[in-house]
Amino acid sequence: MTDKPEDQTRPANKAVTKPGEKPLSPRAAAARAVRAVTMDKRSLDAALAEILPLVTPKDRGLAQELSYGTLRHHGHLFAIARALLWKPLEYQDRIVFCLLLVGLYQLEYTRIPDHAVMHPTVEAVHDLGRPRSGPLTNAVLRNWRRKREEVLRAIAADAGPDFRFAFPPWMLKRLRGDWPKHWENIVRYSNERPPLCMRVNRRQWTRDDCLSHFRKQNFDANPTAAEDGIVLGRRTVSKVREAIATGQMAVQDTSAQLAAALLAPKDGEEVLDACAAPGGKTGHILEMAPKAKVTAADLNLFRLFKVKQVLALRKSKAALFAADAAELGYWWPGKFDAVLLDSPCSGLGVLNRHPDIKHLRRESDIAEYAKLQQALLRSLWRLVAPGGRLVYVTCSILPEENNLQIKRFLRLVHDASIEDPGDDYGIDTGHGRQRLPGVHGGDGFFYALLRKTGGDGDGGGDGDNPGGTGGGA
Ligand SMILES: C[S@@+](CC[C@H](N)C(=O)[O-])C[C@H]1O[C@@H](n2cnc3c(N)ncnc32)[C@H](O)[C@@H]1O
């Protein structure tokens, strides 16, 4: 998973429609994005990368907001749309169904006045190539306005968790089981728009300077629990774009910022950021220790290119490698003082930033992630110099990917000790700390700080075999 914010801070590029071609309306664009995720099972990022260039720059923010919002509340909106339709739609009208969801989202969850929702949403059927669906779209949205309470009562009578919480049942079951005291807050926060959290580039200015810069312009700006972190009000979006373009700030959630802080890189140290792309934490490491010798690796060459862009913006340098970190430890010649393993994971701690995860993730994926995470830990541990440290981080809130993973790892190796980063890092699980969304102010992240004590090395018995990864946690 990435720490990427939702779209509003993306630079407004030119539309790429052909001469004479009409740009795509924001409602039609959102309907396409919703279809891409819910029906074609594509990631929202990938879908928007294709769709947004067809929208005029001034409408892109709205198209994104409607896409994200509709996906966050999809389970709820889906049940309403189904209840309002008097007959099932045909296969080719799937896109009209998605447009209805976008329309209902606006009526139910945004402050856009009803009259400003109705006409452009109904008109969007033309952009979608379904001109004959205008009357149906109009009727469904009007019926919702007229019969909202009645429809809600009818649905609620036999509603499942999809409708009540807009969460897939398996995810909800896990959250209830793993976090019986906190699951309701987690669910609520996961369905909200995330706050605009930024990291101030301490090499360019201080957090205090940055706060007073925004406050002087009467913008909401407040410090967060992370040393370089601030949270800004929504009105600042255009100002933030300028600051991002010059490398003065980066969009990064408070919990994500705590990862590099826990690694605490120092000038002159050899540092490995093993799953680095798109480079949010690599950039942070180099802001904290500009003279550290940083190696950034990622399996995905395309995403690694983004790390290059992030660093170029900050005039920072790192050695970049496209490599499988689960194998790196078995052939890399050197050792590192500090290794950051920001592991691939289910992403269940960042559902408000990535609502498509609710549609794309399967319960069976968790065991696969757990297997990979254990392989990554075991491989990368070999690269930690004696006395050095490895910080294991995920944006998951599932124990299998987090504390149980570390517990298992510590049973297998005999030269590792775990250090407690303290209460800022959330709940003490006994094998690392867990920040929960909606509970600790920010995304859900897990952290474990492991120190190499100089014992007898990898005790798993398959130390030279990168394929011998064992089972899940
Ligand atoms: C959570 S994201 C990293 C986010 C990044 N650290 C940041 O702060 O911007 C996980 C990354 O792990 C990469 N990845 C997945 N499997 C990998 C593997 N076996 N070896 C190296 N990288 C891997 C993915 O391509 C993805 O970029």
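Chemist: Got a sec to walk through the overall build of the protein? Specific residues and values, please.
Modeler: Helix and strand counts for the protein come out as 19 helices and 13 strands. Relative to the compact-globule value of 23 Å for 473 residues, the protein shows a C-alpha radius of gyration of 23 Å, a close match. In terms of overall dimensions, the protein has C-alpha extents of about 75 × 50 × 40 Å along its principal axes. Counting over 473 residues, the protein shows a buried share of 55%. At a minimum sequence separation of 6, the contacts of the protein that also span at least 24 residues come to 73%. For the protein, the exposed surface amounts to about 20000 Å²; the carbon and sulfur share of it is 52%.

Chemist: Which residues make up the packing of aromatic side chains, and what are the values?
Modeler: Under the counting rule described, the total for this entry stands at 11 aromatic pairs. Between the aromatic rings of Phe165 and Trp183, the centroid separation amounts to 5.4 Å while the plane-to-plane angle is 75 degrees, which identifies the pairing as edge-to-face. Taken together, the residues Phe165 in helix 8 (residues 161-165) and Trp183 in helix 10 (residues 183-190) connect sequence positions 18 residues apart. Accessibility classification places Phe165 together with Trp183 in one group, the buried group. Seen from their ring centres, Tyr392 and Phe446 are 6.2 Å apart, and the 70 degrees between their planes marks the pair as edge-to-face. With a gap of 54 residues between them, Tyr392 in strand 9 (residues 384-394) and Phe446 in strand 13 (residues 445-452) connect regions that are remote in the sequence. When sorted by exposure, Tyr392 lands in the same class as Phe446, which is buried. Three or more aromatic residues link up through ring pairs in this structure, and these residues are Phe321, Trp331, Trp332 and Phe336.

Chemist: Got a sec to walk through the sheet that holds strand 4 (residues 249-251)? Specific residues and values, please.
Modeler: Read across the sheet, 4 strands follow the order 2-3-1-4 without closing on themselves; strand pairing throughout is antiparallel. Because the sheet does not close on itself, it has two edges, and the strands there are strand 2 (221-223) and strand 4. Averaged over all neighbouring strand pairs, the angle between strand axes comes to 35 degrees, with direction disregarded. Relative to strand 3 (residues 229-232), strand 2 runs antiparallel, the two being bridged by 3 bridges. Opposite Pro223, over in strand 3, you have Ile230 as the bridge partner. The strands touched by helix 11 (residues 207-216) are strand 1 (196-200), strand 2, strand 3 and strand 4; relative to strand 2, the strand with the most contacts, the crossing angle is about 160 degrees.

Chemist: Go over the packing of helix 2 (residues 44-51) against helix 3 (residues 57-72), please, and point to the residues and values.
Modeler: It is the contact of helix 2 with helix 3, at a shortest axis distance of 12 Å, that shows an interaxial angle of 155 degrees. Taken together, the axis directions place helix 2 and helix 3 in an arrangement best described as roughly antiparallel. Crossing hand, helix 2 versus helix 3: right-handed. Seen from helix 2, the contacting residues are Leu44, Asp45 and Leu48; seen from helix 3, they are Gln64, Ser67, Tyr68 and Leu71. Per-class residue counts for the contact of helix 2 with helix 3 are 4 nonpolar, 2 polar and 1 charged.

Definitions and limits used
Residues numbered from 1 in each chain as written. Predicted model: local features only at pLDDT ≥ 70, side-chain atom pairs only at ≥ 80, totals over all residues. Heavy atoms only, no water. Helix = DSSP H or I, 4+ residues; strand = E, 2+ residues; numbered from the N terminus. Rg over C-alpha atoms; globule rule 2.2 N^0.38 Å. Buried < 20%, exposed > 50% of the residue type's maximum accessible area, 1.4 Å probe, protein only. Contact = heavy atoms within 4.5 Å. Areas by Shrake-Rupley, 256 points an atom, 1.4 Å probe, with all protein chains shown as cover. Phe/Tyr/Trp six-rings, centres within 6.5 Å; stacked < 30°, edge-to-face > 60°. Pairing = 2+ DSSP bridges. Axes fitted to C-alpha atoms, helices over the stretch in contact; angles between N-to-C directions. Parallel < 35°, antiparallel > 145°, perpendicular 65-115°, else oblique. Left-handed = near helix turned anticlockwise from the far one by under 90°. Nonpolar A, V, L, I, M, F, W, Y, C, P; charged D, E, K, R; others polar.

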